Amino acid sequence: MRKVIQVTLLIVSFSFLLWGCKGTEEKGIVGQCTILVECSTILDNMERLDNSVKDFAPESGIIMEQHSADIYENDSVYDVLSRELKKENILMEASFTGSSAYIEGIDNIYEFSCGELSGWTYCVNGIYPGKSCSEYEVKDKDVIEWYYTCDLGEDLDK
């Protein structure tokens, strides 16, 4: 089982390297968006946070400050997230079902790290789209926000 997990992680990592580098030089920039990654809900739920993760939770709740990011032709929310995290040397783990990406962890904070209702979610322009981040195409001036929820989104300002 451990070998299967290691091989799977190797394949995902290799795919990410290939996919993450593929084509952005060939495509032109078509706009800009802003992106933020934060986990401040953890700060109110430290008693539920897995001990192995406590050292990774930033005191400010901010993993990646809001900043401008380039958008390339046909970029998805996943494309922008993975590219910007890579620039900042922030780890991300995702799983895929077909072309649908699911963000399992960012900066060593994973789904279920802060209870069985916890995990990563995103909104664009204040709206939670209810679809995979790899299926949401980013447009010029979009505001992408990634949040860690400890209560299936009920703890997030909506």
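Residues numbered from 1 in each chain as written. Predicted model: local features only at pLDDT ≥ 70, side-chain atom pairs only at ≥ 80, totals over all residues. Heavy atoms only, no water.

1. Quick look at the overall build of the chain
When its secondary structure is counted, the chain shows 2 helices and 7 strands. In the chain, the order of α-helices and β-strands from amino to carboxyl end is α-β-β-α-β-β-β-β-β. Among the 158 residues that make up the chain, the fraction classed as buried is 41%. By sequence separation, contacts in the chain at least 24 residues apart represent 67% of the contacts at least 6 residues apart. When the accessible surface of the chain is totalled, it reaches about 9300 Å², and 53% of it is carbon and sulfur. (Helix = DSSP H or I, 4+ residues; strand = E, 2+ residues; numbered from the N terminus. Buried < 20%, exposed > 50% of the residue type's maximum accessible area, 1.4 Å probe, protein only. Contact = heavy atoms within 4.5 Å. Areas by Shrake-Rupley, 256 points an atom, 1.4 Å probe, with all protein chains shown as cover.)

2. Let's talk about the pattern of salt bridges
Pairing of side chains with opposite charge becomes possible as their charged atoms draw close. Scanning the model with the defined rule gives 3 salt bridges in all. Residue K87 pairs with E84 through a salt bridge whose shortest N-O separation is 3.0 Å. With a gap of 3 residues between them, K87 and E84 both fall in helix α2 (residues 77-87), about one helical turn apart. With a closest N to O distance of 3.3 Å, K141 and D140 form a salt bridge. (Salt bridge = Lys/Arg side-chain N within 4 Å of Asp/Glu carboxyl O.)

3. What to know about the pairing of strand β6 (residues 119-124)
Counting buried positions along β6 yields 5 of 6 residues, so the element is predominantly enclosed. Bridging between β6 and strand β7 (residues 143-149) involves 6 bridges; their strand directions are antiparallel. Residue Y122 lies in a different strand from β7, and its bridge partner there is W146. (Pairing = 2+ DSSP bridges.)

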